[in-house]
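# Descriptive analysis of the structure
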Amino acid sequence: MSLATRNGTGQPVDAPVAPPRVVRQRRVRPGLLGLAVLLIALGGLGAAFAVTSVRATGSYLAVARPVEVGRTLGADDLVTVQVAGGQGLRPVPAAQLDDVVGMRAAVALTPGTLLTLGQLTDDPLLGPGQQQLALDLAPGRVPAKRLHPGDRVLLVSTPDRSTNGQPATSTRFEATVIDTATPSTSSVVVYVALTARDVPAVVALAAQSRIAVVLTRAA
């Protein structure tokens, strides 16, 4: 056992000398080191993604008010919004406003949604072999409070009052609503598209006020 001496005297002191403490160095596990490097890398990727998303912010067109199927799109129906990112949505840029105004809605457009080119069409509602016809109806003979472009209707002939005692027969014609107008409080004009071969018969029945309009499918 080692003995300590007093300072400057050289005389021993009856006390043991504590051995020096050895500080052990902690070993870094390779797995933890790899995890730390991975977290740092992921953090850098997240920051890069955030910067990219901010840079992708742009002005796009959104629907401002309801637009029915088949109705022509106007500038008042759209509003410009700022959208960040938007990957996969493919909205119409605000710079293309003049290109989409005048196009027809292929589906019902809901306010607050981004506008895409897939929702619009340049195709007319008149199909091959069809012609357009105007029916002047009293408000009480319109099958709905408001008919919309693209509504499917059935034109049914009503009995001829001049043929008393004869069995009543009716003829049906399928048609599609193109547009409606209200020139006065006592009249509703419904523009319909129907097969060209049915037009003469429907015109004759309409002249006699013998047409009833039935809504079969709303657009």
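Above this note sits the structure.
Right, let's walk through the structure included here. A quick note: this is a predicted structure, and the numbers were derived from the prediction, not measured.

What counts, and at which threshold
- Residues numbered from 1 in each chain as written.
- Predicted model: local features only at pLDDT ≥ 70, side-chain atom pairs only at ≥ 80, totals over all residues.
- Heavy atoms only, no water.
- Helix = DSSP H or I, 4+ residues; strand = E, 2+ residues; numbered from the N terminus.
- Buried < 20%, exposed > 50% of the residue type's maximum accessible area, 1.4 Å probe, protein only.
- Contact = heavy atoms within 4.5 Å.
- Areas by Shrake-Rupley, 256 points an atom, 1.4 Å probe, with all protein chains shown as cover.
- Salt bridge = Lys/Arg side-chain N within 4 Å of Asp/Glu carboxyl O.
- Pairing = 2+ DSSP bridges.

### A few points about the overall build of the protein chain
- From N to C terminus, the protein chain includes 3 helices and 11 strands.
- Traced from its N-terminal end to its C-terminal end, the protein chain shows the element sequence β-β-α-β-β-α-β-β-β-β-β-β-α-β.
- Out of the 219 residues in the protein chain, the part that is buried amounts to 26%.
- Counting contacts in the protein chain only where the partners sit at least 6 residues apart, residues at least 24 apart contribute 62% of the total.
- Summed over all atoms, the accessible surface of the protein chain reaches about 15,100 Å², with 55% contributed by carbon and sulfur.

### Some remarks on the pattern of salt bridges
- Across all of its chains, the model carries 2 salt bridges by this definition.
- With its nearest N and O atoms 2.6 Å apart, the salt bridge here joins Asp77 to Arg65. Of the two residues, Asp77 is situated in the loop between strand 3 (58–63) and strand 4 (78–83) and Arg65 in the loop between strand 3 and strand 4; the sequence distance between them amounts to 12 residues.
- Exposure remark for Asp77: the relative accessible area of 2% places this residue in the buried category.
- Across the salt bridge formed by Arg71 and Asp77, the nearest N and O atoms sit 3.5 Å from each other.

### Describing the pairing of strand 8 (residues 152–157)
- In terms of residue burial, strand 8 counts as a mostly covered element, since 5 of its 6 residues are buried.
- Judged from the 5 bridges that link them, strand 8 and strand 9 (residues 172–184) form a sheet pairing that is antiparallel. Looking across to strand 9, one finds that Val153 is bridged to Ala175.
- Bridge count for strand 8 against strand 11 (residues 211–217) is 6 bridges, and the pairing is antiparallel. Each residue of the ladder has a partner; that of Leu154, found in strand 11, is Val214.

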